[in-house]
Amino acid sequence: MLENVVEFFKNLPAKQCTECGEKMEEQSECYSNTCEKCNHL
């Protein structure tokens, strides 16, 4: 069963910015959906 879970997470598509569509580097502590260029904070 554990192998199936690991395979599931390995096969997830890359995270993309919701504004420009650029691929984002995922970080375990980050829940943002926009890249640094599109982040308007």
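Scroll up a little and you will see the structure.
Residues numbered from 1 in each chain as written. Predicted model: local features only at pLDDT ≥ 70, side-chain atom pairs only at ≥ 80, totals over all residues. Heavy atoms only, no water.

Trainee: Before we go on, may I ask you to explain the side chain of Thr34 in this structure?
Mentor: Of note, Thr34 is situated in the segment after α1 (2-10). Taking relative accessible area as the criterion, Thr34 reaches 18% and is therefore assigned buried. (Helix = DSSP H or I, 4+ residues; strand = E, 2+ residues; numbered from the N terminus. Buried < 20%, exposed > 50% of the residue type's maximum accessible area, 1.4 Å probe, protein only.)

Trainee: Just checking my understanding: could you explain the pattern of salt bridges for this structure?
Mentor: When charged atoms on two side chains of opposite charge get close, those side chains can pair. Overall, the coordinates contain two salt bridges when judged by the stated rule. When the shortest N-O distance is used, the salt bridge between Lys10 and Glu7 registers 4.0 Å. Of this pair, Lys10 and Glu7 both sit in helix α1, three residues apart, which is roughly one turn of that helix. For Glu22, the salt bridge is made with Lys37, and the minimal N-O distance between the two is 2.8 Å. Residue Glu22 is located in the segment after α1, and its partner Lys37 is located in the segment after α1; the two are separated by 15 residues in the primary sequence. (Salt bridge = Lys/Arg side-chain N within 4 Å of Asp/Glu carboxyl O.)

Trainee: Looking at this structure, how should I read the environment of Cys20?
Mentor: Topologically, Cys20 is positioned in the segment after α1. For Cys20, a relative accessible area of 42% gives the class partly exposed. When the C-alpha atoms of Cys20 and Thr34 are compared, they prove to be 8.1 Å apart, with 14 residues separating the residues in sequence.

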